[in-house]
Amino acid sequence: MSFQTLTDADTHAAVGGTSVPIAGLTVGGTSVRRLSGEGRSGLKSLPQGGGAFTLPLTLALRHAGIRRVVVRGERLGTTGAPLVVVAGGISAGRHVASGPQVAAPGWWEAQVGPGRAIDTRRVQVLAIDWLGADGALDLPLDSADQADALAAVLDHLGVPRALCFVGASYGAMIGLQFAARHGERLGRLVAISGAHRAHPYASAWRALQRQCVALGRSEGAVSRGLALARQFAMLSYRTPEEFGERFDAPPALHDGVARCAAEDYLDHCGQRYAARWTSTAFLRLSESIDLHRVDPAAVRVPTTVVAIEEDRLVPLADLQQLVETLGGPATLRPLRSRYGHDAFLKEDAAIARLLREALAAAEGGAK
């Protein structure tokens, strides 16, 4: 495989420009080191609990060669139970749901927890922060790099095989890449709103977002550039139908300038995002989506593909093509939603139903 681990010769590691001491652990039978502090993070306010870990690695990155990286993750649920990997978009992190160690809500509370579709009484859940989310890697990142980092994390946890990988958006891309590169370590894949490649229309949206950030950097207005990029992103995540229902009011004049009904909402989304993220993290992870490529024939694990018919970023036709060319058994489950690409975060009942169905199939196949 294309990942390597650090050696015992390393006694300190640089994280976000800070040198911190490291303590020993074992990854795949090889002695490596663990950071005792996390340093600066592009995700600035994630909680740290008993299930959290920090793992330094040396990885052979697809576009940048051999590099030292740090992977931060969190486990939730029943120790020793089958493991389910949960992964979301580029702004999703390791904290998926609240638990005994961390009471703060996670980004997918609706689906992960006791009695929910991903039932933490029956399984343990693993999630990681994406490589680059800490803003410390200003270099090209690929979905293959994320998949290899996850494989190294499974080694660290002593888990030879995950029951299921549930990925949405960027997480679905990583799931496809993991299944292609490490398929022997996976029982089933659920890919929601993520394909084997980025659609050219979606790449064009992201290119404009990155130009907003680059302009903000050049003008000394980084936060403004990030906020504007996020506002463009929100338009691509949602649909005209939703905006028509929510913001169907005429523009109002403020100090002699017309302001449309959606602007307050978009401003709020942009400011909240800029307060949590660094420009480097955004640029490199956005770019990573567009660098993503997987040969569907290389994915041989049973796969459930969930498509949102109104998704403007990942068209239904792309996911139909994906299902038709996957190397293993595959099922396409289309949904309709006015929330478009964000349906996995908004259509709780429909997504839960599909997740329960897929996990039941995974558990049946594991017996």
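It should be noted that the structure appears before, not after, this text.
Conventions adopted
- Residues numbered from 1 in each chain as written.
- Predicted model: local features only at pLDDT ≥ 70, side-chain atom pairs only at ≥ 80, totals over all residues.
- Heavy atoms only, no water.
- Helix = DSSP H or I, 4+ residues; strand = E, 2+ residues; numbered from the N terminus.
- Expected span 1.5 Å × (residues − 1).
- Buried < 20%, exposed > 50% of the residue type's maximum accessible area, 1.4 Å probe, protein only.
- Contact = heavy atoms within 4.5 Å.
- Axes fitted to C-alpha atoms, helices over the stretch in contact; angles between N-to-C directions.
- Parallel < 35°, antiparallel > 145°, perpendicular 65-115°, else oblique.
- Left-handed = near helix turned anticlockwise from the far one by under 90°.
- Nonpolar A, V, L, I, M, F, W, Y, C, P; charged D, E, K, R; others polar.
- Salt bridge = Lys/Arg side-chain N within 4 Å of Asp/Glu carboxyl O.
- Phe/Tyr/Trp six-rings, centres within 6.5 Å; stacked < 30°, edge-to-face > 60°.
- Lys NZ or Arg CZ within 6 Å of the ring centre and 35° of its normal.
- Pairing = 2+ DSSP bridges.

Peer 1: Kindly report on helix α4 (residues 222-237), identifying the contributing residues and their values.
Peer 2: Between its first and last C-alpha, α4 extends 22 Å over 16 residues, near the 22 Å set by a 1.5 Å rise per residue. Along α4, the residues classified as buried are Gly225, Leu226, Ala227, Ala229, Arg230, Gln231, Ala233, Met234, Ser236 and Tyr237. Check the buried side of α4 and you find it contacts α3 (200-218), α6 (263-276) and α7 (279-291).

Peer 1: Tell me what's going on with the packing of α3 against α7, and back it up with residues and numbers.
Peer 2: Orientation of α3 relative to α7, taken along the N-to-C sense of each, is 160 degrees, at an axis distance of 10 Å. In terms of orientation, α3 lies roughly antiparallel with respect to α7. Between α3 and α7 the crossing geometry is left-handed. Together, Ser203, Arg206, Gln209, Arg210, Val213 and Arg217 of α3 and Ser279, Thr280, Phe282, Leu283, Ser286, Glu287, Ile289 and Asp290 of α7 make up the contact between the two elements. Of the residues that constitute the contact of α3 with α7, the class distribution is four nonpolar, five polar and five charged.

Peer 1: An account of the pattern of salt bridges is requested, with residue identities and associated values reported.
Peer 2: Counting across every chain of the model gives 23 salt bridges. A salt bridge links Asp290 to Arg206; the shortest N-O distance between them is 2.8 Å. With a gap of 84 residues between them, Asp290 in helix α7 and Arg206 in helix α3 connect regions that are remote in the sequence. Of the two residues examined, Asp290 and Arg206, each falls in the buried class. Here Asp264 makes a salt bridge to Arg259, at a shortest N to O gap of 3.1 Å. Looking at Asp264, the relative accessible area reads 55%, which means it is exposed. In the salt-bridge network here, residues are joined through shared partners; they are Arg238, Glu242, Arg246 and Asp342.

Peer 1: Got a sec to walk through the packing of α4 against α6? Specific residues and values, please.
Peer 2: In contact at an axis separation of 8 Å, α4 and α6 are set at 125 degrees when each is read in the N-to-C sense. Taken together, the axes of α4 and α6 are oblique relative to one another. Seen from above, α4 lies across α6 with right-handed handedness. Contact with α4, carried on its side by Ser223, Leu226, Ala227, Arg230, Gln231 and Met234, involves Tyr265, Leu266, Asp267, Cys269, Gly270, Gln271, Tyr273 and Ala274 of α6 and no other residues of that element. Per-class residue counts for the contact of α4 with α6 are eight nonpolar, four polar and two charged.

Peer 1: Account for the packing of aromatic side chains, naming residues and giving values.
Peer 2: All told, the structure shown has ten aromatic pairs when counted by the stated rule. Taken together, a centroid distance of 6.2 Å and an interplanar angle of 70 degrees make the contact between Phe243 and Tyr265 edge-to-face. One end of the pair, Phe243, is in helix α5 (residues 240-246); the other, Tyr265, is in helix α6, with 22 residues separating them in the sequence. Like Phe243, the residue Tyr265 is buried in the burial classification. Measuring from centroid to centroid gives 5.8 Å for Tyr273 and Trp277, while their planes differ by 5 degrees, and the two rings are stacked. When its relative accessible area of 6% is taken as the criterion, Tyr273 is described as buried. Three or more aromatic residues joined by ring pairs make a cluster, and in this case those are Trp107, Trp108 and Phe344. Cation over ring: Arg246 sits above Tyr265, and NZ or CZ is 4.5 Å from the ring centre.

Peer 1: Would you mind going over the pairing of strand β5 (residues 52-61) in detail, with residue names and values included?
Peer 2: Of all ten residues in β5, nine are buried; the element is thus mostly enclosed. Two elements, β5 and strand β6 (residues 65-77), share ten bridges in a ladder whose sense is antiparallel. Bridge pairing links Leu61 to Gly65 in β6. In this structure, the hairpin formed by β5 and β6 is closed by a connection of three residues.

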